[in-house]
Each structure stands twice: as structure tokens, then as C-alpha cells.
Amino acid sequence: MSKQNLISIIISLIPISYVLGTFILNLNIFLLIIIGLFLYANGHRYKIDLLDKLVILFFIYILFTGLWNTIEIQYINQKINKDYYILNKSFFFLRYLFLYLTIRLLIEKDLINFKFIFVIYSLTVFLVSVDVIIQFFIGKNLLGQVSPNDYKVTGVFQDEAIAGGFIQRFSLFLFYTISIFVVTKKTNFKIYTLSVLFLIIILSIVFSGNRMPLILFILSIILILFTNQTLKKYFLQIFILITFILTISIFS
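These figures come from a predicted structure and were not determined experimentally.

This next bit is on the environment of S2. Tracing the backbone shows S2 in the segment before α1 (3-12). When the C-alpha atoms of S2 and L111 are compared, they prove to be 9.5 Å apart, with 109 residues separating the residues in sequence.

This next bit is on unusual backbone geometry. Located in the positive-phi region is D110, a residue other than glycine, with phi close to 55°. Checked against the element boundaries, D110 lands in the loop between α6 (95-108) and α7 (114-138). Note on D110: relative accessible area 54%, which makes it exposed.

Helix length check: helix α3 (residues 22-41) (20 residues) gives 28 Å between terminal C-alpha atoms against 28 Å at 1.5 Å per residue, within 8%. When we look at burial in α3, the residues that qualify are L25, N26, N28, I29, L32, I33, I35, G36 and L39.

Here we take up the packing of α7 against helix α8 (residues 163-181). The N-to-C vectors of α7 and α8 enclose an angle of 130°; their axes lie 8 Å apart at closest approach. Between α7 and α8, the crossing angle belongs to the class labelled oblique. For the element pair α7 and α8, the recorded crossing hand is left-handed. Between α7 and α8, the contacting residues are F114, K115, F118, V119, Y121, S122, T124, V125, V128, S129 and V132 on the first element and A163, F166, I167, F170, S171, F173, L174, Y176, T177 and F181 on the second. Grouping the constituent residues of the contact of α7 with α8 by class yields 15 nonpolar, five polar and one charged.

On the surface, M212, I215, L216, I218, L219, I222 and F226 cluster together into a nonpolar patch covering about 640 Å² of accessible area. Among the residues examined, L219 registers a relative accessible area of 48% and is labelled partly exposed.

Here we take up the confidence of the model for the chain. Residues with a pLDDT of 70 or more make up 88% of the chain, whose mean pLDDT is 83. Of all the helices and strands in the chain, helix α11 (residues 229-233) carries the lowest mean pLDDT, 64, while α7 carries the highest, 92.

Nonpolar side chains in soluble globular proteins tend to be buried together. In this structure, I11, I167, F175 and F217 are the most contacted members of the largest nonpolar core, which totals 45 residues. At the level of elements, α1, α3, α6, α7, α8, α9 (187-208) and α10 (211-227) are the ones that each hand at least two residues to this core. With nine residues, the single largest contributor to this core is α9. Excluding its chain neighbours within four sequence positions, the residues that come into contact with I11 are L32, I103, L106, I112, I117 and Y121.

Here α8 spans 26 Å end to end across 19 residues, near enough to the 27 Å set by a 1.5 Å rise per residue. When the local axis directions of α8 are compared, the greatest deviation, roughly 40°, occurs at F170. By the burial criterion, the buried members of α8 are A163, G164, G165, F166, I167, Q168, F170, S171, L174, F175, T177 and I178. The elements touched by buried residues of α8 are α2 (14-20), α7, α9 and α10.

Calculation notes
Residues numbered from 1 in each chain as written. Predicted model: local features only at pLDDT ≥ 70, side-chain atom pairs only at ≥ 80, totals over all residues. Heavy atoms only, no water. Helix = DSSP H or I, 4+ residues; strand = E, 2+ residues; numbered from the N terminus. Buried < 20%, exposed > 50% of the residue type's maximum accessible area, 1.4 Å probe, protein only. Expected span 1.5 Å × (residues − 1). Axes fitted to C-alpha atoms, helices over the stretch in contact; angles between N-to-C directions. Parallel < 35°, antiparallel > 145°, perpendicular 65-115°, else oblique. Left-handed = near helix turned anticlockwise from the far one by under 90°. Contact = heavy atoms within 4.5 Å. Nonpolar A, V, L, I, M, F, W, Y, C, P; charged D, E, K, R; others polar. Patch = residues over 30% accessible without salt bridge, like charges linked within 9 Å, V, L, I, M, F, W, Y side chains within 5 Å. Areas by Shrake-Rupley, 256 points an atom, 1.4 Å probe, with all protein chains shown as cover. Salt bridge = Lys/Arg side-chain N within 4 Å of Asp/Glu carboxyl O. pLDDT = per-residue confidence, 0-100. Core = buried A, V, L, I, M, F, W, Y, C linked by side-chain atoms within 4.5 Å. Bend = angle between axes of the 7 residues up to and from the residue.

This is how it looks when you write it as C-alpha cells:
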């Protein structure tokens, strides 16, 4: 197995790790960071640009606020309980900075198979979305699990009501997979496919009961429609189709 394929498989496991739990997700992230450190130790470098500097500055700000809050709680307010939870969490949050730098290095050195990753991400978010819809209507998901929450559908996440957030985060991979990697001369086929997928995603987010992911998802789709020249031509057609099917779904 080539180095590119191995690294791509590890990256493609991120959404699956997300489903399996926080420990598995963090384990996956740390594995990627170790790969990045190994490549760095072997002389792999890339030129840091303005975006990299802004990302690094953002994480420095998070670390600074965590340090200041800790000082304020422990020493200025003179809390008896010496709890360094905020500071520890700020330091642990730095793993995402190292993850960003690792992914940045892997992209620069052409060690990522984007098509493979996009397909796996798309399949994962599609299955989770269908799973949520099935649990909403039937009461049980594909694994026979029942949501413990009366007003939210949790799907494969069981006792955690985070299905909507997960779908919103990874749904864009599904749309771009169809747009970029599906080769066909029939533009209408892509448009109708994207419209149906949009309905599946938005219904699953609505049924999950998570409000903010729904708003973020809609904003993302609006930006895509107005920035993509091909989709902009079919905006009215897409809008009518989605409104029609969404209205039927709601009244059903």
C-alpha cells in the first residue's frame, strides 16, 4: 500500500470515528498528528502563508484567553478550589492546530487522495442522514436503536443529540462529490440529484432537532448557489423542486 493511500484511509476514518465516540476521534486525530511530526522530522516543509499565520494567531488567542480566565478564577477571585479545567482544555484544543498543520503539509506534498476521502465522507453522511429520517418515522434506526430524547432524533449517536451538527459539518462533501467527481454530460441529472440530496440532508437536520446546524447548512447552500455559475443558471428550477418536495414532506 502506498503512503498516499494509507494516509487517505486514516483521514477518511474521521467521520466514522466521530460516530464511534470522542475517544476514537481523538485517537484518529493524534495518529494524523504523529504522521505530520514524522514527515516534519524527515525534512518535509512548506511555505507558511497569510492564512496559516491567521490560524496560528487564532489558536494563540484561545490559549491566551484560557490562561487569563484561569488567572482570574484562581488568583484574582481567590477561589479555594484550584481547578485548572479551562487552561487544560485550552492546551488540549491545540491538537486542532497541529491537525491543521498536518493536513496542510499532506496537501502540499500531494499525499492525499481527495476523491477517495470525498466518497467515504459522502457515504458516511448520507447513511447517517437516512438513519435519522428512518428513526424519525419508524421510531428505530437501521441498527434498531431508539432515541432517548422525546424531541430530538439521535440516530447512531444514541444518547448524544449531535446528529444535526455531524450532518451539517460533513454534508458539503456529499454535494461536492457529485459536482466534481461524477462525470456526466447530463447537467439536469446532476441538478436533480443534488436537489434530492439537499432534501435528504435538510430533512435529517430538521428531524434531529438541532437548530443552529440547520441555519449554518442553509447559509452554506445559499453561498454555494450564488458562487457556482452552473447552479446559478438553474436556481429557479432548484428552488421550485425543493419547495414542492419540502412542502409535501412537511404536510406528510
